[in-house]
Amino acid sequence: MASVLNISAYLFTRIDDREALRPTLRSRAQSAGLKGTIVLAGEGINLFLAGDPDAVRGFVDDLRADPRFTALTTKESWSDAPPFRRMLVKLKREIIRMDHPAIRPESGRAPAVTPDTLRRWLDQGHDDTGREVVLLDTRNAFEVDYGTFAGAVDWRIERFTEFPGAAAAHRGDLAGKTVVSFCTGGIRCEKAAIHLRENGVDARQLEGGILGYFENVGGAHWNGECFVFDEREALTPDLRPRTTAPAS
């Protein structure tokens, strides 16, 4: 049985001391034998960690002791070895780059749809008011090619900074529909949903992203795998590392 716990997590929360926080988190993680990446920005934290289960969960528990990170939630998966080679703590302007400074998720989230609710909507073919549900994939095109929800809208963007322009070009296609934005772990689709709502689209985000959906619902209405940014390359809906090459 796979013995290495992998977690992904993010939280939009104001961080004004990230330069001082960086060495502290790096020291804690290295002392716990963890590998992965932590990104710190003024708008929040984004992390991917792997290691002994008790060590990983202990690190997260210690992090949550800081009031700024109390609400941090994690998505878990397992592997036979850590899919990272080093432990890095990076400082960036945004935890996910959108180049749209007016979008500030730490000041208020867009409405979210739970995996169970989305599964029910997809099963019945509409939301609870009878409106058409549009699934909007906010990931980069190469990620989408590994797998996505059946019938999802894909604007073939090459990087997330292209999302606002694509949204402006396709805004009319989304009018009068219930839009659910989704991404790997929730971070991009959270910003995307806020941006869409500020531009008159009835959008919400998939709580926990694709990985949260896999963890709670499995692979219902999903085709393929989910690309992840580590040495596992992609995960199947049962959250196991891929074993075959993607279709060309």
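Preceding this section is the structure that the text describes.
Residues numbered from 1 in each chain as written. Predicted model: local features only at pLDDT ≥ 70, side-chain atom pairs only at ≥ 80, totals over all residues. Heavy atoms only, no water.

**Some details on the sheet that holds strand β10 (residues 178–182)**
Right, so step 1: What the 5 strands build is an open sheet, ordered β6-β11-β10-β7-β9; its pairing is parallel. Each edge of the sheet is formed by a strand with only one pairing partner; in this case those strands are β6 (112–113) and β9 (153–154).
Right, so step 2: Judged from the 3 bridges that link them, β10 and strand β11 (residues 203–206) form a sheet pairing that is parallel. Opposite Ser181, over in β11, you have Gln205 as the bridge partner. (Pairing = 2+ DSSP bridges. Helix = DSSP H or I, 4+ residues; strand = E, 2+ residues; numbered from the N terminus.)

**What about helix α1 (residues 18–31)?**
Note: α-helices contain 3.6 residues per turn, so residues at a spacing of three or four share the same orientation.
Right, so step 1: Compared with an ideal rise of 1.5 Å per residue, which puts 14 residues at 20 Å, α1 spans 20 Å between its outermost C-alpha atoms and is within 8% of the ideal.
Right, so step 2: Among the residues making up α1, those that are buried are Leu21, Leu25 and Ala29. Each buried residue of α1 lies within a common arc of 60° when the element is viewed along its axis, so the set occupies one face. Exposed and oriented more than 90 degrees from the buried face of α1 are Ala20 and Ser31.
Right, so step 3: Of the residues trailing α1, Gly33 is marked for its positive phi of about 75°. (Expected span 1.5 Å × (residues − 1). Buried < 20%, exposed > 50% of the residue type's maximum accessible area, 1.4 Å probe, protein only. Arc of directions from axis to C-beta.)

**Some points on the packing of aromatic side chains**
Right, so step 1: Per the counting criterion, the structure on display carries 11 aromatic pairs.
Right, so step 2: With centroids separated by 5.2 Å and ring planes inclined at 55°, the aromatic side chains of Tyr146 and Phe227 adopt a geometry described as tilted. You can see Tyr146 sitting in the loop between α4 (141–144) and β8 (147–149) and its partner Phe227 sitting in strand β13 (residues 226–227), a full 81 residues away along the chain.
Right, so step 3: Taking 5.2 Å as the distance between ring centres and 90° as the angle between the ring planes, the aromatic pair formed by Phe214 and Trp222 counts as edge-to-face. Here Phe214 and Trp222 have matching classes, each one buried.
Right, so step 4: Aromatic ring contacts, followed pair by pair, group Phe149, Phe182, Tyr213, Phe214 and Trp222 into a single cluster. (Phe/Tyr/Trp six-rings, centres within 6.5 Å; stacked < 30°, edge-to-face > 60°.)

**Digging into the nonpolar core**
Right, so step 1: Ranked by internal contacts, the top residues of the largest apolar core, which has 26 residues, are Trp155, Phe163, Leu174, Val179 and Leu196.
Right, so step 2: Mapped by element, the contributors of at least two residues to this core are β1 (4–12), β2 (35–41), β7 (133–137), α5 (163–174) and α6 (187–198).
Right, so step 3: In this view, Val179 contacts Val134, Leu136, Leu174, Leu196, Val201, Asp202, Ala203 and Arg204; residues no more than four positions away in its chain are not counted.
Right, so step 4: One finds Ala9, Leu21, Leu25 and Leu34 within the second-largest nonpolar core, a separate group that totals 23 residues. (Core = buried A, V, L, I, M, F, W, Y, C linked by side-chain atoms within 4.5 Å. Contact = heavy atoms within 4.5 Å.)

**Re the environment of Asp127**
Right, so step 1: With respect to the helices and strands, the residue Asp127 is situated in the loop between α3 (115–124) and β7.
Right, so step 2: Along the chain, Asp127 and Lys177 lie 50 residues apart, while their C-alpha atoms are 9.5 Å from each other.
Right, so step 3: What Asp127 contacts, discounting residues up to four positions off in sequence, is Trp121, Val133 and Thr178.

**Digging into the pattern of salt bridges**
Right, so step 1: The final tally for this structure, using the stated rule, is 23 salt bridges.
Right, so step 2: Among the salt bridges present, the one from Glu162 reaches Arg159, with a minimum N-O distance of 3.2 Å.
Right, so step 3: Note on Arg159: relative accessible area 49%, which makes it partly exposed. (Salt bridge = Lys/Arg side-chain N within 4 Å of Asp/Glu carboxyl O.)

**Remarks on the packing of α1 against helix α2 (residues 53–64)**
Right, so step 1: For the pair α1 and α2, interaxial distance at closest approach is 10 Å and the crossing angle is 155°. Put simply, α1 runs roughly antiparallel to α2. Along this stretch, α1 crosses α2, giving a crossing that reads as right-handed. The segment α1 lies against α2, with Leu25, Arg28 and Ala29 engaging Phe59, Asp62 and Leu63.
Right, so step 2: Taken together, the residues that form the contact of α1 with α2 break down as 4 nonpolar, no polar and 2 charged. (Axes fitted to C-alpha atoms, helices over the stretch in contact; angles between N-to-C directions. Parallel < 35°, antiparallel > 145°, perpendicular 65-115°, else oblique. Left-handed = near helix turned anticlockwise from the far one by under 90°. Nonpolar A, V, L, I, M, F, W, Y, C, P; charged D, E, K, R; others polar.)

**Considering the sheet that holds strand β5 (residues 87–91)**
Right, so step 1: Strand order in the open sheet made by the 5 strands is β4-β1-β3-β2-β5, with mixed pairing throughout. What marks the edges here is a single partner per strand, and that holds for β4 (74–79) and β5. Direction aside, the axes of adjacent strands within the sheet are offset by 10° on average.
Right, so step 2: Here 6 bridges tie β1 to β4, and the two strands are oriented antiparallel to one another. What sits directly across from Leu5, in β4, is Trp78.

**What about helix α7 (residues 209–216)?**
Right, so step 1: With 6 of 8 residues buried, α7 lies mostly within the body of the structure.
Right, so step 2: Listed as buried for α7 are Gly209, Ile210, Leu211, Gly212, Tyr213 and Phe214.
Right, so step 3: Directly beyond the C-terminal end of α7, a positive phi value near 95° is found at Gly218.

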